[in-house]
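For reference, the chains in residue letters:
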Amino acid sequence: MADKDAEWKKTACVLCGSNCGVLVQLGGKDGREIVRVRGDKEHPGTRGYTCNKALQLNYYQSARGRLTAPLRRRDDGTFEEIDWHTAIAEIAGKLVAIRDELGGDKIVYYGGGGQGNHLGGGYSPPLRRAIGSRYRGNALAQEKTGLSWVFDRMVGGFYHGDFEHCETALLVGKNPWQSNGFPRARVVLRQMAKDPNRKLIVIDPRVTETAELADIHLRVKPGRDAWLLAGILGQLVQQELIDHDWLAEHAQGQEAVIEALAEIPVAQYAAYAGIEMAQVEEVAEILGRTNSLSVLEDLGIEMAPNSTLNSYHCILLFLLTGNFAKAGAVNLPAQLVTIFSPDKISETRDERGYETSYKTTPVTESRIISGLIPCNMLPDEILNDHPDRFRAMLIESANPVHSLADAKRMRETLAALDLVVVIDVAMTETAQEADYVLPASSQYEKPEMTFFNFEFPENCAQLRTPLMPPLPGTLSEPEIHARLLEAIDPFDDAELEPLRAAAEEGLDAFALAFGAAANANPKINNYGAYVLYRTLGPSLPDGMTEAAALWGVAQMFAATEASSLARAGFDGTSMQAGNSLFQALIAAQSGLVFSMDEPEDSLRRNRLAGGKVNLQLPEMLDKVRELADYAGAETTEEFPLVLAAGERRSYTANTVVRDPAWAKSNNALTLSVNPSDAANLGINDGGTAWLTTARDSVEVVVEVDKRMLPGTISLPNGFGLSYPDAQGNQVVTGISPNELTAVEDRDDFAYTPWHKFVLARLEAVAGR
Ligand SMILES: Nc1nc2c(c(=O)[nH]1)N[C@H]1C(S)=C(S)[C@@H](COP(=O)(O)OP(=O)(O)OC[C@H]3O[C@@H](n4cnc5c(=O)[nH]c(N)nc54)[C@H](O)[C@@H]3O)O[C@H]1N2
Ligand SMILES: Nc1nc2c(c(=O)[nH]1)N[C@H]1C(S)=C(S)[C@@H](COP(=O)(O)OP(=O)(O)OC[C@H]3O[C@@H](n4cnc5c(=O)[nH]c(N)nc54)[C@H](O)[C@@H]3O)O[C@H]1N2
Ligand code: SF4
Ligand SMILES: [Mo]
C-alpha cells in the first residue's frame, strides 16, 4: 500500500472509451502498482466521475504474466525468448522478403489501439508505407462500419448527440449505465430520469439498468429493431410529425424517403417487433415534438440483423425531425484525429441508383468501408489458394482470436499465414498463435492518449504522462515501429540532424524547419510520425518523446478547425495555434478543451457536396422495402433461443483486464436466462447447462435473471481468457463468446457480425 500522503498522479482510466480522468496513488513493489484511484475533478470532460471499474485499474497494470522479452515461435510450437536486436532484424527481414516476393499488399495491419491507447498505433503508418502494406483492419469493422457508411453519405461525417443537454434521448441497443458512450454516463442518466421535462427512451429487449431509468422502454424482440424503427419512422411521416421546414432548408432526397415511409404498415411492424402500437404512437409523438433529440445506437443493433439498415433508420429519426446541427441535438464534433476515415463516395451508379465504384478486398471482393477490411471476411480472404490472398499480419493492441467471430476459424486463419507478428502486453489468445510476440510497455508506462473525443459543443482531450518507467524488457509502440523502419528504410543522419537542432530552438523554429525539409525531401512527409519521433521527440520533457507525433496532429487540426480552436483559447496564425495546442496538451495533465463549437459548425463539417444532409440512399431504401418480407430474424426448432454473445456488464472491459479476480459482481461469468425459460428447461439459478450453437457446445453456469426477455439469453464479453495462477499455470475462466459464433452470421452489406443474434439451444446438465 502507498502511504496515505503519497502523491496523487493524474492519468485516465483505460477500461472503456470514456477514459475518465483519474488521480492515482502508486505503491506496492517498486512503486509500480496502482493502489488508490479517484476521479479527477479537474478533468474538463469527466469532472471527477468514474464508474466502479476504475478502482480495479491495477488488475491491468500489475497483471501476472506481462511479457518482458520478444518471443519467437519454435518449430514445435513453443516460444523462446530472443533479444530485441534479433527480433527487429528477423521481423524486418521477413516483412521485406514478403514485400519483394509477393507484394507488400499481402501484409495486413490489424488493430492499433484499444479503449485507452491510440497514440502508439499512430506511429504505424511509416512502417506500413515502407513495407507497402495497403490493407488494414480493426475492431471498428465488426461494429461501426455500417454506421460509418451511412453517416458519411447522410450527414457527411461522424455524428454524436449531446446527452447532457438534450431534452429527449433515444438509446437504441445501447446500455450506457454499463458501457458508457458519453461522459459521466450514470450521472447524466440519473439526471434525465429525475427531470420531468426530459425524456429517456430505450430500445432494448433486456430491462437493462439504463432501461430501468427510462421514461419509455421499448422491449423489442431481438433482431427486429428494423421493423420497430421503420414503424416509428412510418408513424412520424403518416402523422405529419416531421419537420418539413427544416428539411426544405437543409436536406435533399427526402421525397423518396417520405414516400417509402408513407407505405409502412406501422401496426403490423410494431406487432412483429413485439411492441404495442400505443407505445409507437407515444414515441413518435415525443420525437416529433421535442425541442432537442439526441440519438445513440450501439451493439444491440450494430451486431444484429439489418445492422446497416438500422443505422440508416437511426439517422432518419433525427433528420426527419430536424434534430441536426442544433443545440442539444445531434452534431458533428471536431475530431483531433479522424477515427473513421471517409471513403471516396462513388460518382457512378447502376440503374437501381447503387454506387458502383468502391474499394474491395482482393479475394472475396468485399466492400471496404472507412478503409477497413471487414473482419468477418478475414478467414475467407486467407484460407484459399488465391494468388492475391494475404500472407502476413501485423497485429497491434488487439486480440482478434478472442474478439472476432469464430475463434477456431481465426486460429486456422492465422496458422495459414507465412508471418504473424503480435505487439501486446500479455500472452493473449492471439499472441499464442503468432510467430513473433513483441512486448509493449503498458499504457501507464509511456505517454498515451485516446482519440475517442466525440463531444459537442465542448470537446476535450487528455495526453497522459507515464506514471512509471517501462517494465524492463518492454518498448513503447513508437519505439518498436521506429526500430523496424530503421531496419528497412533508414534515413541518413544528415537528413534528420537539422530538424533535431531546430527542435532544440523551440517549436516555431521546428515548424519552419519541418516545412522546408518536407518540401525538399518527400521521405520526410512520407514517414512523418517517425521523423517527429526521432527529431522533435528528444526535445520534449522527460519521458514524453512518444508525444511527438501529436505536433503534426495539432498542426493539422489548427489548419482545418481554426474557429473552434480559437474559441477554446488557441489563436494566432495556424502555425502558432497548432504549436500552442501541442504545448498545452503536454502541459495540461488533466486534459483540456480543444474545441468549442456552435451548431453551425456541424453544417460546415458536413463533407457532402452542396453542404446539405442527404436522406436518400437507394441501397438502404430498398432494404426498407424488403422489410415487408419479414425475413432474417426468426429462431428455429433446433435453436429456439437468441443468444447475445458478449454483453457489457459491471466487470467487463473487452480483453484489457485478463485476471478474472477483478470481477467483483456475482453475474460476472454467467449465462443470463429468463426465469420462465429456466423453469421450462429445469435449470436452477447457479446450476449448469449445455449451451449449443451451430458452431459449438459449452457448459455454462446459469444466472436466472428477470431482466431477460423470454427466449433470449446472454453471455458477458471479455471472458474465457487464459491467465496464470500463482504457480504460473495458465487457467481459462468463463466462456469465450466467439467459440460459439460463426463468420457467416453477418450483415450482407457491411459484413458486421450478428453477435447479438446467435441462434442457440440450452439443455440442463443431467445429474447436477
Ligand atoms: N463495462 C464495459 N463497458 C464497455 C465495454 C466493455 O467491455 N465493458 N466495451 C466498450 C466497447 S468496445 C463498446 S463497442 C461498447 C458497447 O456498448 P453497448 O452496445 O451498450 O454494449 P452491449 O452490452 O454489448 O449491448 C448493448 C445492449 O444491446 C442489447 N441488445 C441485445 N440484442 C438486441 C437487439 O436485438 N436489439 C436491441 N435494440 N438491443 C439489443 C443488450 O440487451 C444490451 O443491453 O461498450 C464499451 N464500454
Ligand atoms: N462475441 C462478441 N465479440 C466481440 C464483441 C461482442 O460484443 N461479442 N465486442 C466487439 C467489440 S465492440 C470490440 S471493440 C472488440 C474488441 O476487441 P479487440 O480490438 O481485439 O481489443 P481488446 O479486447 O480491447 O484488446 C486489446 C488488446 O490490447 C492489449 N493491450 C493493452 N494495453 C496495451 C498496450 O499498451 N500496448 C499494446 N500493444 N497492447 C495493449 C490487451 O492485452 C489486448 O490484447 O471485441 C469485439 N468482439
Ligand atoms: S470504465 Fe468507468 S471509470 Fe473507466 S473510463 Fe469507463 S466509465 Fe470511466
Ligand atoms: Mo467496441
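Description of the structure in this document. (Residues numbered from 1 in each chain as written. Chains lettered and ligands numbered in written order. Predicted model: local features only at pLDDT ≥ 70, side-chain atom pairs only at ≥ 80, totals over all residues. Heavy atoms only, no water.)

**Considering the overall build of the chain**
When helices and strands are tallied, the chain shows 28 helices and 28 strands. Taken over the C-alpha trace, the chain has a radius of gyration of 26 Å; the compact-globule value for 768 residues is 27 Å, and the two agree within 12%. For the C-alpha atoms alone, the extent of the chain along its principal axes is close to 75 × 70 × 65 Å. For the chain, restricting intrachain contacts to residue pairs at least 6 apart in sequence, the fraction spanning at least 24 positions comes to 75%. Of the roughly 28,000 Å² of accessible surface on the chain, a fraction of 49% belongs to carbon and sulfur atoms. Positive and negative charge centroids in the chain, built from 71 and 104 side chains respectively, lie 3 Å apart. (Helix = DSSP H or I, 4+ residues; strand = E, 2+ residues; numbered from the N terminus. Rg over C-alpha atoms; globule rule 2.2 N^0.38 Å. Contact = heavy atoms within 4.5 Å. Areas by Shrake-Rupley, 256 points an atom, 1.4 Å probe, with all protein chains shown as cover. Lys, Arg positive; Asp, Glu negative; His and termini not counted. Charge placed at Lys NZ, Arg CZ, Asp CG, Glu CD.)

**Regarding the layout of surface pockets**
Taken as a whole, the second largest pocket encloses approximately 360 Å³ of empty space. In terms of lining, the second largest pocket is formed by 19 residues, of which the most central are Asp-152, Arg-153, Ile-345, Leu-608 and Ala-609. Of the residues in the lining of the second largest pocket, the class split is 6 nonpolar, 5 polar and 8 charged. (1 Å grid on protein atoms, 1.4 Å probe; cavity = no way out; pocket = protein on both sides within 12 Å on 5 of 7 lines; lining within 4 Å. Points joined across faces, edges and corners; volume = space filled by probe spheres on them. Nonpolar A, V, L, I, M, F, W, Y, C, P; charged D, E, K, R; others polar.)

**Overview of helix H18 (residues 477–488)**
Taking 1.5 Å of rise per residue, the 12 residues of H18 would be expected to cover 16 Å, and the 17 Å separating its terminal C-alpha atoms lies within 8% of that figure. Of all 12 residues in H18, 9 are buried, a share of seventy percent or more. Here H18 has its buried residues at Glu-477, Pro-478, Glu-479, Ile-480, His-481, Ala-482, Leu-484, Leu-485 and Ile-488. In this structure, the buried residues of H18 make contact with helix H2 (84–102), helix H3 (124–130), strand S15 (392–396), strand S16 (419–424), strand S17 (436–439) and helix H22 (528–535). (Expected span 1.5 Å × (residues − 1). Buried < 20%, exposed > 50% of the residue type's maximum accessible area, 1.4 Å probe, protein only.)

**Points about the pairing of strand S27 (residues 730–733)**
For strand S26 (residues 721–724) and S27, the ladder comprises 4 bridges, and the chain directions are antiparallel. Bridge pairing links Ser-722 to Val-732 in S27. What sits between the antiparallel neighbours S26 and S27 is a turn of 5 residues, in which Gly-728 has the positive phi angle 90°. (Pairing = 2+ DSSP bridges.)

**Some remarks on helix H4 (residues 145–154)**
Summarising burial for H4: 10 of the 10 residues are buried, a large majority. Taken together, the buried positions of H4 are Thr-145, Gly-146, Leu-147, Ser-148, Trp-149, Val-150, Phe-151, Asp-152, Arg-153 and Met-154. Downstream of H4 by a residue or two, Gly-156 has a phi angle that is positive, lying close to 70°.

**Quick notes on empty space enclosed by the protein**
Tallying each qualifying case throughout the model produces 6 cavities of 30 Å³ or more. Its boundaries defined by the atoms lining it, the largest cavity holds a volume of some 100 Å³. Lining the largest cavity we find 13 residues, and of these Tyr-60, Ala-63, Arg-66, Val-425 and Ala-426 sit closest to its centre. It is helix H1 (residues 58–61) that provides the largest number of residues to the lining of the largest cavity, a total of 3 residues. Grouping the amino acids of the lining of the largest cavity by side-chain chemistry returns 7 nonpolar, 3 polar and 3 charged. The two domains that each donate at least three residues to the lining of the largest cavity are domain 1 (9–61) and domain 5 (635–764). By volume, the second largest cavity amounts to about 90 Å³. Along the walls of the second largest cavity sit Cys-13, Leu-15, Cys-16, Ser-18, Asn-19, Cys-20, Tyr-49, Thr-50, Cys-51, Lys-53, Ala-54 and Asn-180, which together make up its complete lining. (Domains from an automatic or database assignment.)

**Some words on the side chain of Thr-450**
One can find Thr-450 in the loop between S17 and strand S18 (458–461). A polar contact is formed between the side chain of Thr-450 and the side chain of Asn-19, at a distance of 3.3 Å. Thr-450 has contacts with Asn-19, Gln-115, Gly-116, Asn-117, His-118 and Arg-464, leaving out every residue within four places of it along the chain. (Polar contact = N/O pair within 3.5 Å; in protein donor to acceptor, adjacent residues only side chain to side chain.)

**Let's talk about the environment of Val-420**
Within the secondary structure, Val-420 sits in strand S16. Expressed as a C-alpha distance, the spacing of Val-420 and Tyr-527, which sit 107 residues apart in the sequence, is 23 Å. Those residues in contact with Val-420, other than ones at most four positions away along the chain, are Met-393, Ile-395, Leu-414, Glu-433, Ala-434, Asp-435 and Tyr-436.

**A word on the sheet that holds strand S5 (residues 79–81)**
One open sheet accounts for 7 strands, arranged S5-S4-S17-S16-S15-S6-S7; its pairing is mixed. With one partner strand each, in any of the chains shown, S5 and strand S7 (135–137) form the two edges of the open sheet. Direction aside, neighbouring strands of the sheet carry axes that sit 20° apart on average. Pairing geometry for strand S6 (residues 107–111) and S15, over 5 bridges, is parallel. Within the sheet, the bridge partner assigned to Tyr-109 lies in S15 and is Leu-394. On top of the sheet, H18 reaches S15, S16 and S17; it is set at about 145° to S16, its chief contact. (Axes fitted to C-alpha atoms, helices over the stretch in contact; angles between N-to-C directions.)

**A closer look at the nonpolar core**
With 208 residues, the main nonpolar core has Val-155, Tyr-159, Tyr-312, Phe-318, Leu-319, Phe-324 and Leu-581 as its most contacted residues. Contacts of Phe-318, omitting those with residues within four sequence positions, involve Val-155, Tyr-159, Leu-293, Val-295, Asn-323, Phe-324 and Val-330. (Core = buried A, V, L, I, M, F, W, Y, C linked by side-chain atoms within 4.5 Å.)

**Topic: the packing of helix H8 (residues 225–238) against helix H14 (residues 307–320)**
Between H8 and H14, the least distance of the axes is 9 Å, while the angle of their chain directions is 20°. Comparing the axis directions of H8 and H14 gives the class roughly parallel. Two packed elements cross with a definite hand, and for H8 against H14 that hand is left-handed. In this structure, H8 uses Asp-225, Ala-226, Leu-229, Ala-230, Ile-232, Leu-233 and Leu-236 to contact H14, whose residues at the interface are Leu-309, Asn-310, His-313, Cys-314, Leu-316, Leu-317 and Leu-320. For the contact of H8 with H14, the class distribution of residues is 11 nonpolar, 2 polar and 1 charged. (Parallel < 35°, antiparallel > 145°, perpendicular 65-115°, else oblique. Left-handed = near helix turned anticlockwise from the far one by under 90°.)

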